[in-house]
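These are the residues of each chain, in order.
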Amino acid sequence: MSLTDAWDASYARGENHLFWPHEEIVRFAAQRVRRRRLDGWDDRIPFSPVPRALDLGCGVGRHVEFLDQLGCEAWGIDHSATAVAQGQRWLTANGHAAIAPRLVQGDATAMPWADAHFAVVVSHGVLDSMPLATASAAFAETARVLAPGGLMYVDLVSGDDGQHGREFSGEVTVADGHESGTIQLYFNWPLIERCLGGRFDILDAVHVLRARAFAPGAAARWHLHLRRRG
């Protein structure tokens, strides 16, 4: 089964349906893009003209909805046609029919937009769910569609999860659970720098480790705020 087939099957089973924006993307937006106030907005980037924003690996569109609510021209791309179709139905049913067509099925390594098309890109839990060669190409392609000075949020899984260690990097095929059959690509800092390829300035980098207090198990991720060079 291909990775695309594995993700299509997962969405078809009703998994990976997330509807609220991730808290780190909310923080990124408030700090770097636009902060909500009682009497309006506090803009961190120009909103005239309206900035274009992309959710890379959009799933059913929760961050497309969030970016639209911020006042951006929001788009999403996902390689799963099933996720895109489900997201278009969900957005339409919840009063967002105008943005539903902006969810498109496509390849993160060959996106259907011109150079420097977007001012903002966000990507949660995506660029670590593919082989390294694909992730490296996707970072380069994201840099292509992001305007010089444009902003990006991305998070990546760390090996510091109780199974591997923070310096671990490599590809692991997920054996069970709702992501069974997919790739988990673990990042250490040298691999992050390799994938960024000198195309981005790092504005902020946070490593978050979540450990259960009364049971075994932990999860760790890198959260990066980036600015496109050039």
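Criteria and cut-off values
- Residues numbered from 1 in each chain as written.
- Predicted model: local features only at pLDDT ≥ 70, side-chain atom pairs only at ≥ 80, totals over all residues.
- Heavy atoms only, no water.
- Helix = DSSP H or I, 4+ residues; strand = E, 2+ residues; numbered from the N terminus.
- Buried < 20%, exposed > 50% of the residue type's maximum accessible area, 1.4 Å probe, protein only.
- Contact = heavy atoms within 4.5 Å.
- Areas by Shrake-Rupley, 256 points an atom, 1.4 Å probe, with all protein chains shown as cover.
- Core = buried A, V, L, I, M, F, W, Y, C linked by side-chain atoms within 4.5 Å.
- Pairing = 2+ DSSP bridges.
- Arc of directions from axis to C-beta.
- Polar contact = N/O pair within 3.5 Å; in protein donor to acceptor, adjacent residues only side chain to side chain.
- Salt bridge = Lys/Arg side-chain N within 4 Å of Asp/Glu carboxyl O.
- Axes fitted to C-alpha atoms, helices over the stretch in contact; angles between N-to-C directions.

Enquirer: Even after reading the chapter, I still don't get the overall build of the chain, so can you show me in this structure?
Expert: Of the regular secondary structure elements, the chain holds six helices and 11 strands. By residue count, 48% of the 230 residues in the chain fall in the buried class. The long-range share in the chain, meaning contacts at least 24 apart out of those at least 6 apart in sequence, stands at 68%. Summing over all exposed atoms, the chain offers an accessible surface of approximately 10,800 Å²; the carbon and sulfur share of this is 51%.

Enquirer: What is the right way to look at the nonpolar core in this model?
Expert: A general tendency of soluble globular proteins is for nonpolar side chains to be buried together. Counting 32 residues, the largest nonpolar core has Trp 113, Leu 127, Phe 139, Met 152, Val 154, Leu 156 and Phe 187 as the members making the most contacts within it. For this core, the elements supplying multiple residues, two or more each, are β3 (52-56), β6 (118-123), α5 (132-145), β7 (146-157), α6 (189-196) and β11 (218-228). Beyond its immediate chain neighbours, meaning those up to four positions away, Leu 127 contacts Leu 56, Ala 135, Ala 138, Phe 139, Met 152, Val 154, Leu 156, Leu 185 and Phe 187. Core analysis: the second largest hydrophobic core is formed by 24 residues, Phe 66, Cys 72, Trp 90 and Val 122 among them.

Enquirer: How should the pairing of β7 be read in this particular structure?
Expert: Each regular strand shows side chains that alternate between the opposite faces of the sheet. Among the 12 residues in β7, 10 count as buried, and that is most of the element. In the sheet, β6 pairs with β7 via five bridges, with the strands oriented parallel. From the neighbouring strand, Val 121 faces β7, where its bridge partner is Met 152. Where β7 meets β11, seven bridges bridge the pair, whose relative direction is antiparallel. Residue Leu 156 lies in a different strand from β11, and its bridge partner there is Trp 222.

Enquirer: Explanation requested: α6 in the structure shown.
Expert: Residues three or four positions apart in an α-helix share a direction because the helix packs 3.6 residues into each turn. Taken together, the buried positions of α6 are occupied by Leu 191, Ile 192, Cys 195 and Leu 196. Down the axis, α6 shows its buried residues gathered within 135 degrees of arc, on one side only. The inward-facing, buried residues of α6 abut α5, β7, β9 (183-186), β10 (200-211) and β11. The N-capping residue of α6, defined by a side-chain oxygen 3.0 Å from the backbone nitrogen of Leu 191, is Asn 188. Taken from the residues just after α6, Gly 197 is the one with a positive phi, measuring 60 degrees.

Enquirer: Could you clarify how one ought to interpret the pattern of salt bridges in this entry?
Expert: When charged atoms on two side chains of opposite charge get close, those side chains can pair. According to the stated counting rule, one finds 12 salt bridges in the structure shown. Of the charged contacts, one joins Asp 39 and Arg 37 as a salt bridge, the two residues approaching to 3.4 Å between their closest N and O atoms. In this structure Asp 39 comes out as exposed when scored by relative accessible area, which is 62%. Here Arg 37 falls in the partly exposed class, since its relative accessible area comes to 44%. A salt bridge links Glu 141 to Arg 144; its shortest N-O distance comes to 2.8 Å. Placement of both Glu 141 and Arg 144 in helix α5 is noted, with a separation of three residues, approximately one turn of the helix.

Enquirer: Quick question: what am I supposed to make of unusual backbone geometry here?
Expert: Leave glycine aside and you will find that most residues have negative phi; peptide bonds, for their part, are mostly trans. Cis rather than trans, the peptide bond between Ser 48 and Pro 49 has omega equal to 5 degrees. Within the secondary structure, Pro 49 is located in the loop between β2 (40-43) and β3. Phi is positive for Ala 116, close to 60 degrees, though the residue is something other than glycine. Along the polypeptide, Ala 116 turns up in the loop between β5 (103-105) and β6.

Enquirer: Can you help me understand the sheet that holds β10 in this one?
Expert: The strands that make up a sheet pair up through hydrogen bonds in the backbone, lying either parallel or antiparallel. Strand order in this open sheet of seven strands is β5-β4-β3-β6-β7-β11-β10, and the pairing throughout is mixed. Of all strands in the sheet, those bounded by a partner on one side alone are β5 and β10. Recorded for the sheet is a direction-independent mean angle of 15 degrees between the axes of neighbouring strands. Where β10 meets β11, 11 bridges bridge the pair, whose relative direction is antiparallel. For Phe 200, the partnering residue across the bridge sits in β11 and is Arg 228. In this fold helix α4 (residues 81-93) packs onto β4 (73-78) and β5, with an angle of close to 165 degrees to the strand it touches most, β5.

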